[in-house]
Amino acid sequence: MALPEDLESLIKAHGPSGREDEVRDVIAEMLKPLVDEVYIDSLGNLIGVRYGSGELKIMVEAHMDEVGIVVRYVDDDGWIWFDRVGGIHERSLLGQRMTILTDLGPVKGVVGLKGRHLLTEEEARRAVSVKEMWIDIGARSRAEAEDMGVKIGDLGTFEKRIHRLKDLVCAPSIDDRSGCLVLLEALRRLRGLDASIYAVFAVMEEVGCRGALTAAYGIDPDVAIVVDTTYGEDPATDVRETPTRIGGGPGVRVLEASWRWAPLGHTVPRRLLNLIVDAAEEGGIPYQREVVTFSATDASTLHLARAGIPTGEILVARRYSHSPVEVASLSDIEDAARLVAASVERLDAEWRPGHRRIK
Ligand SMILES: [Zn+2]
């Protein structure tokens, strides 16, 4: 599995929600040799199709966007005031290196913070709001910042630094570039199917699972599998809430719900859940059943497209969600690809809607 190089290219490509052009170009090059046709739909989703001889249409999906920031204001002194795009924890921003994507090219900056010696005790104890943070790009005036290309509405991301922690990979945007790699790797493994496969690399998941919904409407698949990241263990999490372990194989989600940010949710149809579990068990692929009640994926909107689309969920565990140091296991990515391929191979004409008529 040519994993580290491909994963590195995927992670290094910028793609904050709403500006996915750079990462889309990178994925398109990887996708072309694996499918019959590649196209971009109206919202910007990248879709690769491998046509089969049969009628069944299977959609496999991962989002290609990532959390980021947006420039709200450039002040007279050249400081950049910004807000978040997607669910970044404010604490994850302090002192971080950022890249702002301008029309003149990427501009590097750092999120400034008031020095500890200058804080009152009360200030030191208090959480810092993103409204109090600025990005320092080295400009000394608004004119200098504008000369560098920075303007209101420019999007940015964490700087793309990749580390290896033993056999784990640590980088921003593992969510969901690992899922994008899983789709590509699953396509490499899948050969000679009767079904047509639509591999969708969706836009704008991090701002409300938008692209997957319209892609599914356009494709009108009979069945879908979403690949995203999930929550791996760390010393601050409760195993009763997030039982999925890094290195333990892909998460097989049964149910997800998120009421805190938006009324999103999805319950995997039992028939499809069982198919995925059987594929794992008979293929000797490790997997972990999981339920998440504080977050949602593209499955939460995708399954509502058209007259409803049975949707499964296969996930890669990662720590430190939406931070510059997300951590995941390469073996989980590989096992997720194996499980996506093994599940797709089990889908047959019985999944066409006409076969479900009650006699
Ligand atoms: Zn994600």
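The rules behind each value
Residues numbered from 1 in each chain as written. Predicted model: local features only at pLDDT ≥ 70, side-chain atom pairs only at ≥ 80, totals over all residues. Helix = DSSP H or I, 4+ residues; strand = E, 2+ residues; numbered from the N terminus. Rg over C-alpha atoms; globule rule 2.2 N^0.38 Å. Buried ≥ 20, exposed ≤ 12 C-beta atoms within 10 Å, placed from the backbone. Contact = placed C-beta atoms within 7 Å. Domains from an automatic or database assignment. Nonpolar A, V, L, I, M, F, W, Y, C, P; charged D, E, K, R; others polar. Pairing = 2+ DSSP bridges. Axes fitted to C-alpha atoms, helices over the stretch in contact; angles between N-to-C directions. Parallel < 35°, antiparallel > 145°, perpendicular 65-115°, else oblique. Left-handed = near helix turned anticlockwise from the far one by under 90°. Core = buried A, V, L, I, M, F, W, Y, C linked by C-beta atoms within 7 Å.

1. A word on the overall build of the protein
Then, number 1: Regarding its fold elements, the protein presents 9 helices and 18 strands.
Then, number 2: Scaling as 2.2 N^0.38, a compact globule of 359 residues should have a C-alpha radius of gyration of about 21 Å, and the protein matches this with 21 Å.
Then, number 3: With the C-alpha coordinates aligned to their principal axes, the bounding extent of the protein is approximately 75 × 40 × 40 Å.
Then, number 4: For the protein, the proportion of its 359 residues judged to be buried stands at 49%.
Then, number 5: In the protein, 77% of the contacts between residues at least 6 apart in sequence involve partners at least 24 apart.

2. Describing the domain arrangement of the protein
Then, number 1: Looking at the protein, the domain boundaries give domain 1 (3-66 + 172-356) and domain 2 (68-158).
Then, number 2: Inter-centroid distance (C-alpha atoms) of domain 1 to domain 2 is 32 Å.
Then, number 3: Counting residues at the interface gives 13 residues for domain 1 and 14 residues for domain 2.
Then, number 4: Of the residues in the side of domain 1 that touches domain 2, the class split is 5 nonpolar, 5 polar and 3 charged.

3. Structural notes on the environment of Gly156
Then, number 1: Within the secondary structure, Gly156 sits in strand β9 (residues 155-158).
Then, number 2: Non-local contacts of Gly156, meaning those with residues more than four positions away in its chain, are made with Pro16, Gly68, Ile69, Met98, Thr99, Ile100 and Leu101.

4. Digging into the environment of Pro106
Then, number 1: Of note, Pro106 is situated in strand β7 (residues 105-111).
Then, number 2: Taking the number of C-beta atoms within 10 Å as the measure of exposure, Pro106 has 17 and is therefore partly exposed.
Then, number 3: Taking the C-alpha atoms as reference points, Pro106 and Pro235, separated by 129 residues in sequence, lie 36 Å from one another.
Then, number 4: Pro106 has contacts with Thr99, Ile100 and Leu101, leaving out every residue within four places of it along the chain.

5. Structural notes on the pairing of strand β17 (residues 311-319)
Regular strands place their side chains on alternate faces of the sheet.
Then, number 1: The buried fraction of β17 amounts to 9 of the 9 residues, a majority that puts the element mostly inside the structure.
Then, number 2: Both faces of β17 are covered, namely the face carrying Thr311, Glu313, Leu315, Ala317 and Arg319 and the face carrying Gly312, Ile314, Val316 and Arg318.
Then, number 3: As defined by bridge partners, strand β13 (residues 223-231) adjoins β17 across 8 bridges and the pair is classed as parallel. Counterpart to Ala224 in the pairing with β17 is Thr311.
Then, number 4: Direction of pairing for strand β14 (residues 251-258) relative to β17: antiparallel, over a ladder of 2 bridges. If you follow Gly251 over to β17, its bridge partner there is Leu315.
Then, number 5: As paired strands, β17 and strand β18 (residues 326-329) are joined by 2 bridges and run antiparallel to one another. Residue pairing for β18: Arg318 is matched across the bridge by Ala328.
Then, number 6: Between β17 and β18, which pair antiparallel and follow one another directly, the connecting turn spans 6 residues, one of which, Tyr320, has a positive phi of 60°.

6. A few points about the packing of helix α5 (residues 174-189) against helix α9 (residues 330-346)
Then, number 1: Close contact between α5 and α9 brings their axes to 8 Å; oriented N to C, the two are set at 50°. The orientation of α5 relative to α9 falls into the category oblique. The two elements α5 and α9 cross, and the hand of that crossing is right-handed. Side by side, α5 and α9 meet where Ser178, Leu181, Val182, Glu185, Ala186 and Arg189 of the first sit next to Ile333, Ala336, Ala337, Val340, Ala341 and Val344 of the second.
Then, number 2: Here the contact of α5 with α9 is composed, by residue class, of 9 nonpolar, 1 polar and 2 charged.

7. Focus: the environment of Thr242
Then, number 1: Within the secondary structure, Thr242 sits in the loop between β13 and β14.
Then, number 2: Residue Thr242 is classed as buried on the basis of its C-beta count, with 20 C-beta atoms lying within 10 Å.
Then, number 3: Residues Thr242 and Val292, 50 residues apart in the sequence, show an inter-C-alpha distance of 7.5 Å.

8. A short note on the nonpolar core
Then, number 1: If you look at the biggest cluster of nonpolar residues, it comprises 78 residues, and the most contacted ones within it are Val60, Val182 and Val340.
Then, number 2: Among residues more than four places away in sequence, those in contact with Val60 are Leu183, Ala186, Ile197, Ala199, Ile225, Val227, Val340 and Val344.
Then, number 3: If you look at the next biggest cluster of nonpolar residues, it comprises 24 residues, including Ile69, Val74, Val85 and Val111.

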